[in-house]
Amino acid sequence: MVDSTLIRVIHMDCPICDKKHDVEERRRFAEITIKGEKVTYEERYYYCVNASDDENEFETGSMTNENLNSARNAYRIKIGLLE
């Protein structure tokens, strides 16, 4: 977990380890390239403490949509469409 911030802890069925336990909801800044422009945006994800370091993060469908919208808005700000 590089430069991530804990938002909250949720007790849920974890799709990574297939157990019901406390899962951390976290946020961090990520980079993505959109139309040749590298942009930084904030993304949210869940973190499973029971899984290996290689595969311990996951998102719900709504989180994925929010993360993509955050990336799109960061791109739009960078090129001057949202000021």
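Described in the following lines is the structure provided in the data block. These numbers were taken from a predicted model, which means no experiment stands behind them.

The next point concerns the sheet that holds strand 3 (residues 37-47). Taking strand neighbours across the sheet as the criterion, the four strands line up as 1-2-3-4 in an open arrangement whose pairing is antiparallel. A strand with exactly one partner marks an edge of an open sheet, and here the two such strands are strand 1 (4-13) and strand 4 (57-58). Where strand 2 (residues 20-34) lies against strand 3, eleven bridges are found, and the strand directions are antiparallel. Across the sheet, residue Ile-32 finds its bridge partner in strand 3, namely Val-39. Running over the sheet, helix 1 (residues 61-78) touches strand 2 and strand 3 and is turned about 160 degrees from strand 3.

Quick look at the pattern of salt bridges now. On inspection of all chains with the given rule, the structure shows nine salt bridges. Across the salt bridge formed by Glu-31 and Lys-38, the nearest N and O atoms sit 3.8 Å from each other. Overall, Lys-38 belongs to the partly exposed group, its relative accessible area being 48%. Through salt bridges with shared partners, a single network forms among Arg-8, Glu-25, Arg-44 and Glu-66.

Within the structure shown, the criterion is met by one aromatic pair. A ring pair is formed by Tyr-46 and Phe-58, whose centres lie 5.3 Å apart and whose planes are at 35 degrees; its orientation type is tilted. Of this pair, Tyr-46 sits in strand 3 while Phe-58 sits in strand 4, and the two are twelve residues apart along the sequence. Comparing Tyr-46 with Phe-58, the two get one shared label, buried. Arg-28 extends its terminal NZ or CZ atom over the ring of Tyr-45, reaching a point 4.0 Å from the ring centre.

Turning our eyes to something else, we now look at the environment of Asn-56. When you line up the elements, Asn-56 lands in the loop between strand 3 and strand 4. Looking at Asn-56, the relative accessible area reads 7%, which means it is buried. For the pair Asn-56 and Asp-3, spaced 53 residues apart in the sequence, the C-alpha separation amounts to 16 Å.

Further remarks concern unusual backbone geometry. Positive phi, normally seen in glycine, also occurs at Asp-18, with a value near 60 degrees. Not every positive phi belongs to a glycine, and Lys-35 is a case in point at roughly 50 degrees. Considering the arrangement of structural elements, one finds Lys-35 in the loop between strand 2 and strand 3.

Calculation rules
- Residues numbered from 1 in each chain as written.
- Predicted model: local features only at pLDDT ≥ 70, side-chain atom pairs only at ≥ 80, totals over all residues.
- Heavy atoms only, no water.
- Pairing = 2+ DSSP bridges.
- Helix = DSSP H or I, 4+ residues; strand = E, 2+ residues; numbered from the N terminus.
- Contact = heavy atoms within 4.5 Å.
- Axes fitted to C-alpha atoms, helices over the stretch in contact; angles between N-to-C directions.
- Salt bridge = Lys/Arg side-chain N within 4 Å of Asp/Glu carboxyl O.
- Buried < 20%, exposed > 50% of the residue type's maximum accessible area, 1.4 Å probe, protein only.
- Phe/Tyr/Trp six-rings, centres within 6.5 Å; stacked < 30°, edge-to-face > 60°.
- Lys NZ or Arg CZ within 6 Å of the ring centre and 35° of its normal.

In short, the description is geometric, and any link to function would need to be established separately.
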